[in-house]
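Residue-level listing of the chains:
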Number of protein chains: 2
Amino acid sequence: MTVNILFAATNERWASYQAPLTAALQKAGLDFDLRTDFTPSEVDYIVYAPNSSVQDFTPYTRLKAVLSLWAGVESVVGNDTLRVPLARMVDDGLKRGMIEWVTGHTLRHHLGMDTHLFGQDGTWRTQAPPLAQDRPVTVLGMGELGRACAGALASLGFPVSGWSRTPRTIPDITTHHGAQGLDAALSQAQILVLLLPDTPATANILSAETLALLPRGAIILNPGRGSLINDADLLAALDSGQIAHATLDVFRTEPLPADDPYWAHPSVTVTPHIASATREATASRVIADNIRRSEVGEPLLHLVDRSLGY
Amino acid sequence: MTVNILFAATNERWASYQAPLTAALQKAGLDFDLRTDFTPSEVDYIVYAPNSSVQDFTPYTRLKAVLSLWAGVESVVGNDTLRVPLARMVDDGLKRGMIEWVTGHTLRHHLGMDTHLFGQDGTWRTQAPPLAQDRPVTVLGMGELGRACAGALASLGFPVSGWSRTPRTIPDITTHHGAQGLDAALSQAQILVLLLPDTPATANILSAETLALLPRGAIILNPGRGSLINDADLLAALDSGQIAHATLDVFRTEPLPADDPYWAHPSVTVTPHIASATREATASRVIADNIRRSEVGEPLLHLVDRSLGY
């Protein structure tokens, strides 16, 4: 029987996904009809971007699952009309891209690259940076992405600490957890990477109070979620020198408005939400595999626990 | 019997090495006298920087070996008065530092960081970079440092090719060798890393002819030796757009003179010979271990083959 798959996302997404998703569904051996419009009662699966026009799931009476194109599902997880399983995107391409952004910007700050990039003035500044082994890095968030980035940094020699809500044991990473573990996770971090999900518990986790726990002159990298940072507190900490630099890829409002103080601040680098770009080819394979699993009665991968919010 | 060790390098080096080298020699269990001056005929070993005042080894009649503090030995290898074994510095700290510089600048160019660093103008430039798996990198030189950097890049997902004078088989690296292999090594390289030793055979290996073998818009990283590049040819290739950017850490004349055209060129980043800084603590352990080996009749590590020049 043909499986009806509704692609509910922007037209731009459809243009980039139609071919790779069709190819992946074919390769998964599915008999399917993939379209951007259906009578709701005929839809079996929704491939979903949270900013799509589908916000009320009530008319989708035979829906089996919703497969998010995004890793972050905070804007759909509280939708009361959604009564079927919801899977997050955990895409190897997304993970690889995140590792590259985090590793690249960690090394940029570690090596003091900006001094050279902005100092091509004929001055031979010979001071060599310390080795990575002398540069403690902490990653907040030990999910898929946090663990992957922490592992990549550890393999380059950085001493890496990881913090998560619940206790974890991860090879080569010093782990801390819970409210009482945050102090220890932050106190040694010369570079801090934020890779927590956006939940009520993580909102503003980086505030005046927690920024003060970092060693003076620490660097912040946020490729996670804009809501993790109290922006006014971060700007104050940058002005005081408590934080030497912040490289931010995500914001409460995106695109970041041109008059946002982050753009003009000399100690802030804005990157335009590129760290966690989902790659169509690899993401399509994840979605096709989950539809195949559902059809043969296997459990969905990357299922969202809606009580936790991710 | 006490081993007399002459430290022949600049006063600045002595200031930074005296403590860690003394500690390393003690830890190696040696009975030693480490000084910056001796009657030449009493010296057993010379810890040596090629820019030191010792240029004539003839008076050092009981010398057993010369232990270079530098990885590059081109300025001493042809010294006819040197008749004892010469060991290069192969320092884990140096290697780690080189991996960090090469990985950091490869990721910088791969991620298009400069576009963002120099474009903090309120423009949200959303184009995500390709994944590392779609960015071929070639490393010229498959010695200690070349292999280490190639391996680090491969583990981040870059497809890495390596080129060396003689054939080599290296896990996860596509290898090419000899004059006839250079074309294949260069033709796919979006990023090219130069890690060859400075020998007559490698001088100006990057010339108009070889630059033209690279794909248009390639990036050059040179943390190896200044002599590997024909500077006029590189500047011409940058001006024509054949090469999109060159990040250079080593030069024929160092410090690079303030009026050198590299400083002012918009497509060149100069870094001040920091990629391969030897770290005192780790380098001291390498030297102490080689003196211990020599004293107990074990072969020296990192011995220079003076017929090859490295």
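What counts as what
- Chains are numbered independently. Their residues run from 1 in the order of the written sequence.
- Whichever chain is written first is A, and whichever ligand is written first is 1; the rest continue in order.
- Local features are withheld for residues below a pLDDT of 70 in this predicted model, meaning they are given only at 70 or higher, and side-chain atom pairs are given and counted only at 80 or more; totals for whole chains, interfaces and linings count all residues.
- The side-chain figures draw on all heavy atoms in the structure; neither hydrogens nor water molecules are used.
- Where helices and strands are cited, they refer to DSSP runs of H or I of at least four residues and of E of at least two residues respectively, numbered from the N terminus.
- Two things to know: the radius of gyration comes from C-alpha atoms, and the globule rule equals 2.2 Å times the number of residues to the power 0.38.
- Throughout, a residue-residue contact means that at least one pair of heavy atoms, one from each residue, lies within 4.5 Å.
- Here the Shrake-Rupley method, with its probe set to 1.4 Å, supplies the accessible areas, and only the displayed protein chains count as covering residues.
- The convention is simple: Lys and Arg are positive, Asp and Glu are negative, and His and the chain ends are not counted.
- To locate a charge, take atom NZ for lysine, CZ for arginine, CG for aspartate or CD for glutamate.
- Here's the idea: put two parts together, see how much 1.4 Å probe accessible area each one loses, and the total over both is what we call buried area.
- Any Lys or Arg side-chain nitrogen located within 4 Å of an Asp or Glu carboxyl oxygen qualifies as a salt bridge.
- Definition of a polar contact: a pair of N or O atoms within 3.5 Å, with one able to donate and the other able to accept a hydrogen when the atoms are protein atoms, and with sequence-neighbouring residues admitted only if both atoms are side-chain atoms.
- Per-residue accessibility, obtained with a 1.4 Å probe over protein chains only, is compared with the maximum for each type, and a residue is labelled buried under 20%, exposed over 50%, and partly exposed between these values.
- Residue ranges for the domains trace back to a domain assignment, done automatically or taken from a database.
- The classification used treats Ala, Val, Leu, Ile, Met, Phe, Trp, Tyr, Cys and Pro as nonpolar, Asp, Glu, Lys and Arg as charged, and all other residues, Gly among them, as polar.
- All copies are superposed by least squares; the fitting set is the C-alpha atoms of residues with a pLDDT of at least 70 in both.

> I tried to follow the overall build of chain A on my own but got confused; where do I start?
Secondary structure summary: chain A contains ten helices and twelve strands in total. Its C-alpha atoms give chain A a radius of gyration of 21 Å, near enough to 19 Å, the size a compact globule of 310 residues would have. Each principal axis of the C-alpha atoms in chain A carries an extent, and together these give about 70 × 45 × 35 Å. The long-range share in chain A, meaning contacts at least 24 apart out of those at least 6 apart in sequence, stands at 61%. Counting every atom, chain A has about 12,700 Å² of accessible surface; 50% of that belongs to carbon and sulfur. Charge centroids of chain A, computed over 23 positive and 32 negative side chains, lie 5 Å from each other.

> Just checking my understanding: could you explain the interface of chain A and chain B for this structure?
Interfaces are often sized by the accessible area lost when the parts come together. Facing the 51 residues of chain A at the interface are 51 residues of chain B. Interface area, chain A with chain B, both sides summed: about 4,100 Å², of which 71% is carbon and sulfur. Among the residues of chain A in contact with chain B, E100, W124 and W263 of chain A are the three that bury the most area, contributing 20% of the side total. At the junction of chain A with chain B, the criterion picks out zero salt bridges. Seen at the junction of chain A and chain B, the total is ten residue pairs in polar contact (both at pLDDT 80 or more).

> Mind showing me how you'd approach unusual backbone geometry here?
Excluding glycine, residues mostly have negative phi values, and the peptide bonds linking residues are mostly trans. Residues and elements named next belong to chain A. For the bond running from E254 to P255, omega is -5 degrees, close enough to zero to count as cis. Mapped onto the secondary structure, P255 falls in the loop between β11 (243–248) and α9 (261–264). Backbone geometry places H273, a non-glycine residue, at a positive phi of 50 degrees. Mapping H273 onto the fold places it in the loop between β12 (268–270) and α10 (280–296). Of the residues examined, H273 reaches a relative accessible area of 27% and is grouped as partly exposed.

> How should I be thinking about the domain arrangement of chain A in this particular structure?
Residue and element names in this part refer to chain A. Here the domain parsing of chain A yields domain 1 (3–91 + 278–295) and domain 2 (92–270). Centre-to-centre separation of domain 1 and domain 2, based on C-alpha positions: 32 Å. Measuring nitrogen to oxygen at the nearest pair gives 3.2 Å for the salt bridge that ties R225 to E74. The tally of links from domain 1 across to domain 2 stands at five residue pairs in polar contact (both at pLDDT 80 or more). Split into classes, the residues belonging to the side of domain 1 that touches domain 2 amount to two nonpolar, three polar and three charged.

> Quick question: what am I supposed to make of the environment of A283 of chain A here?
Residues and elements named next belong to chain A. Examined against the element boundaries, A283 turns out to sit in helix α10. Residue classification places A283 among the buried positions, given a relative accessible area of 0%. Separated by 213 residues in the primary sequence, A283 and W70 have C-alpha atoms spaced 9.4 Å apart. The contact partners of A283, leaving out residues within four places of it in the chain, are Y17, M89, D91 and T278.

> I keep staring at the relation of the copies chain A and chain B and nothing clicks. Help me out?
Mapping between the two chain copies consists of a rotation about an axis together with a translation along that axis. You can overlay chain A on chain B at an RMSD of 0.0 Å; the transform is a turn of 180 degrees with a shift of 0.0 Å along its axis. As the rotation angle and translation indicate, the two copies are arranged about a two-fold axis. In terms of proximity to the rotation axis, the leading residue of chain A is G104 of chain A, whose C-alpha is 2.8 Å off the axis.

> What should I look at first to understand the side chain of S164 of chain A in this one?
Structurally, S164 of chain A is set in strand β7 (residues 160–164). S164 of chain A sits in the buried class, given a relative accessible area of 6%.

> Is there a simple way to think about the pattern of salt bridges in this case?
Residues and elements named next belong to chain B. All chains considered together, the criterion is met by 26 salt bridges over all chains. Notably, a salt bridge pairs K64 with E295, separated by 2.8 Å at the nearest N-O pair. In this pair, K64 sits in the loop between β3 (45–48) and β4 (65–68) while E295 sits in helix α9 (residues 280–295), placing the two residues 231 residues apart along the sequence. For K64, a relative accessible area of 35% translates into the label partly exposed. Take E295: its relative accessible area is 32%, and that puts it in the partly exposed class. Between E144 and R147 there is a salt bridge whose closest N-O contact spans 3.8 Å. Within this pair, E144 and its partner R147 are both found in helix α4 (residues 144–155), separated by three residues, close to a single helical turn.

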